[in-house]
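So you can see what is in the structure, the chains are spelled out below.
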Amino acid sequence: MGSAAEAATMSTHGSLAEKKPTVVFVLGGPGSGKGTQCANIVEHFGYTHLSAGDLLRAEIKSGSENGTMIQTMIKEGKIVPSEVTIKLLEKAILGIDNDKFLIDGFPRNEENRAAFEAVTKIEPEFVLFFDCPEEEMERRLLSRNQGREDDNIETIRKRFKVFLDSSLPVVEYYAAKGKVKKVNHFLMYWLNAYTLNLLNLISFQVKPSIFCVWLSD
Ligand SMILES: Nc1ncnc2c1ncn2[C@@H]1O[C@H](COP(=O)(O)OP(=O)(O)O)[C@@H](O)[C@H]1O
Ligand SMILES: O=c1ccn([C@@H]2O[C@H](COP(=O)(O)OP(=O)(O)O)[C@@H](O)[C@H]2O)c(=O)[nH]1
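Residues numbered from 1 in each chain as written. Chains lettered and ligands numbered in written order. Predicted model: local features only at pLDDT ≥ 70, side-chain atom pairs only at ≥ 80, totals over all residues. Heavy atoms only, no water.

*Asks:* Which residues make up the sheet that holds strand 1 (residues 22–28), and what values do they have?
*Replies:* Here five strands make up an open sheet; going across it, the order is 2-3-1-4-5 and the pairing parallel. The strands lining the two open edges of the sheet, one partner per strand, are strand 2 (48–51) and strand 5 (180–184). Taken pair by pair, the neighbouring strands of this sheet meet at an average axis angle of 20°, ignoring direction. In this sheet, strand 3 (residues 100–104) lies alongside strand 1 in parallel orientation, the contact comprising five bridges. Among the inter-strand pairings, Val23 is bridged to a residue of strand 3, identified as Phe101. Seen against the sheet, helix 3 (residues 34–44) touches strand 1, strand 2, strand 3 and strand 4 (126–131) and runs at an angle of roughly 165° to strand 3. (Pairing = 2+ DSSP bridges. Helix = DSSP H or I, 4+ residues; strand = E, 2+ residues; numbered from the N terminus. Axes fitted to C-alpha atoms, helices over the stretch in contact; angles between N-to-C directions. Contact = heavy atoms within 4.5 Å.)

*Asks:* Account for unusual backbone geometry, with residues named and values stated.
*Replies:* Pro107 follows Phe106 through a cis peptide bond whose omega is 0°. The topology assignment puts Pro107 in the loop between strand 3 and helix 7 (110–120). Located in the positive-phi region is Lys121, a residue other than glycine, with phi close to 60°. Residue Asn145 is not a glycine yet carries a positive backbone phi of 60°. Structurally, the position occupied by Asn145 is in the loop between helix 8 (134–142) and helix 9 (153–176).

*Asks:* How would you sum up the pairing of strand 4? Please name residues and give values.
*Replies:* Taking burial as the measure, the six residues of strand 4 include five buried ones, the bulk of the element. Relative to strand 4, strand 1 runs parallel, the two sharing five bridges. Opposite Leu27, over in strand 4, you have Phe129 as the bridge partner. (Buried < 20%, exposed > 50% of the residue type's maximum accessible area, 1.4 Å probe, protein only.)

*Asks:* Any details on the confidence of the model for the protein chain? Residues and values, ideally.
*Replies:* With 78% of its residues at a pLDDT of 70 or more, the protein chain shows a mean pLDDT of 84. Contacts of residues 1–13 to residues separated by more than four positions or lying in other chains number 23 contacts, the stretch itself having pLDDT below 50. Below pLDDT 50 for its whole length, residues 204–217 participates in 27 contacts with residues either more than four positions away or in separate chains. Among the scores for the predicted complex, ipTM is 0.99 and pTM is 0.87. (pLDDT = per-residue confidence, 0-100.)

*Asks:* Please set out the pattern of salt bridges residue by residue, giving values where relevant.
*Replies:* This model, assessed by the stated rule, comprises 17 salt bridges. A salt bridge links Lys179 to Glu123, with the nearest nitrogen and oxygen atoms 2.9 Å apart. Taken together, the positions of Lys179 in the loop between helix 9 and strand 5 and Glu123 in the loop between helix 7 and strand 4 put the pair 56 residues apart, joining distant regions of the chain. For Lys179, a relative accessible area of 19% translates into the label buried. The exposure class assigned to Glu123 is partly exposed, which follows from its relative accessible area of 33%. Ionic pairing is found between Asp150 and Arg159, a salt bridge with its closest N-O pair at 3.7 Å. What you see here is one network of salt bridges that share partners, running through Arg144, Arg148, Asp150, Asp151 and Arg159. (Salt bridge = Lys/Arg side-chain N within 4 Å of Asp/Glu carboxyl O.)

Laid out in structure tokens, this is it:
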């Protein structure tokens, strides 16, 4: 289960490939601020924010047949099989009358990435990458207070490892294609004041390399 080829053959009604929305992937470690900044971005620009994690948590709540499996994977900090997450993303995108989406927290590994491209034929416009040190992410997650079952120190450590081993290679893949706009945590401390700069980065499509000089450590 879960290969890109298998995902490509699953029923997708072909509609996402037809809709061809603009997609921006928002990536970063657990607690790096993806959700927080997506909320800022949608407030000012015409994007719809889709959090893959929120879609999976809603699926658990809905009592679907996959609910128990998803719950176990999230508790363990593991990555849910691509076909499950991609189906939820597809359903959400097709059900929303917009053509610009911020996809937050996906793709989380190479297999997610390859399966999404195989199924949807969509390449992201670019990737917004929130780069934040582990100790800062840990501090934030432990005080996030959203009652999440995975915001405990044991699962957090597992999620950090999965991020380093499986998710960073996805960022590197897109960086090699010149598609990554990196925002570092020093900027994020000031992000409320600097939100407009972040938004300009998106709306004017400034070359990532210029911003990497400005934004990175
Ligand atoms: N720049 C920041 N400085 C301090 N705390 C932040 C910052 N951005 C987000 N947070 C807080 O950190 C926690 C994790 O942020 P969140 O956006 O949920 O991260 P992610 O979606 O990447 O897991 C939240 O409680 C949020 O309020
Ligand atoms: O595409 C995704 C997105 C999320 N998850 C699972 O959902 C959890 C929480 O992800 P989310 O993006 O909501 O939170 P973050 O870890 O970034 O704080 C992850 O650890 C994974 O177990 C997943 O399997 N695939």
